[in-house]
Amino acid sequence: MILCCGEALIDMLPRQSEAGEPCFAPYAGGAVMNTAIALGRLGAPSGYFGGLSSDLFGKILEETLEASKVDHSLCPRSDRPTTLAFVTLTDGHAKYAFYDENTAGRMLSEADLPDVTGKVDALFFGGISLVSEPQADSYCTMCLHAGDLPVMIDPNIRPGFITDEPRYRARLAKMLERADVVKISDEDMDWLGTTPEALLEHTKVILVTRGAEGVDIVTRDGTTRVAAQKVTVVDTVGAGDTFNAGFLEGLRQAGLLSRAALAGASLDALAPAAALGAKAAAVTVSRAGANPPWSHEL
């Protein structure tokens, strides 16, 4: 299975009660969890790995994963609370208040890392789980000890979450050097002070997202662009996460989900995987929230 490693949390979204009072409603979320769910819905053998709580919110996360056919059997469970993200809207702009101290996800330790031998075909890392310790250090260790498994990383950098910038930069640099596929935006590259060409020193495939213009596939053979699908956009929540899933599933369908295959893959061979990612992401942006498509919707 393709194992997605990182955050799963509860977004507390602003609502109004029947009595007209302001309130919050819990929704399962988190970038890495979104990718796992999108993979499961696309028909891929999908797994999620992260610390899950035994509290009521942890049960919501488990039920959400199961509903999209995502295996969560490798997740360590604890009595620590689930990470909560309270969302407030001002003129349509979202502001987040995170409650993440001593949570089941954040406190993931190296002792919690699973033996994936014979169980996992590829690893995916990304999101804010690569920022906060100790989980970020644990995911880094898992990435660097992935053996011959192909690794995809979407750093999805959020400068506002970073409290120890030197430590974060050093950790992310090590993970990017190990990655076989990196999906990255112009903003991410500007923050890191890097280029696709520099990343290719260690990485086989770079995916540079261009928003409505599509995505550039960059390898040592050159660059090709895969166009975005034209749809009426409701919101962009979960779009990048869905693209990640579509690309990974496209690689799997094409027999390219291995380090050796990726090393020799041509731009023409990689393009259908990126096209599947773009097609799946187009469905996600056409409806509210992170709601990736099922394979039959494509």
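Residues numbered from 1 in each chain as written. Predicted model: local features only at pLDDT ≥ 70, side-chain atom pairs only at ≥ 80, totals over all residues. Heavy atoms only, no water.

A. Here's a closer look at the pairing of strand E3 (residues 22-29). Bridge count between strand E2 (residues 9-16) and E3: eight bridges; the pairing is antiparallel. Counted as the bridge partner of Leu9 is Gly29 from E3. (Pairing = 2+ DSSP bridges. Helix = DSSP H or I, 4+ residues; strand = E, 2+ residues; numbered from the N terminus.)

B. Summary view of the nonpolar core. Counting 45 residues, the largest nonpolar core has Tyr48, Val205, Leu207, Ile217, Phe247, Leu251 and Leu270 as its most contacted members. In terms of residue count, the dominant contributor to this core is helix H1 (residues 31-41) (six residues). Apart from residues lying up to four places away in sequence, Phe247 is in contact with Met152, Val181, Val205, Leu207, Leu270, Ala273, Ala274 and Gly277. Membership of the second largest hydrophobic core comes to 36 residues, among which are Val116, Leu130, Tyr139 and Leu200. (Core = buried A, V, L, I, M, F, W, Y, C linked by side-chain atoms within 4.5 Å. Buried < 20%, exposed > 50% of the residue type's maximum accessible area, 1.4 Å probe, protein only. Contact = heavy atoms within 4.5 Å.)

C. Representation of helix H7 (residues 239-253) in the model. Counted at 1.5 Å a residue, the expected span for H7 with its 15 residues is 21 Å, and the 21 Å between its end C-alpha atoms agrees. Residues Ala239, Asp241, Thr242, Phe243, Asn244, Ala245, Gly246, Phe247, Leu248, Glu249, Gly250 and Leu251 constitute the buried set of H7. Positive backbone phi, approximately 75°, marks Gly255, located one or two places after H7. (Expected span 1.5 Å × (residues − 1).)

D. Region of the structure containing the sheet that holds strand E10 (residues 122-126). Strand order in the open sheet made by the nine strands is E6-E4-E1-E10-E11-E12-E13-E14-E15, with mixed pairing throughout. Sheet topology places strand E6 (70-71) and strand E15 (222-226) at the edges, where each strand pairs with a single neighbour. Both strand E13 (residues 205-209) and strand E14 (residues 215-219) contribute to a ladder of four bridges, which runs antiparallel. Its bridge partner being in E14, Val208 is matched across the sheet by Asp216.

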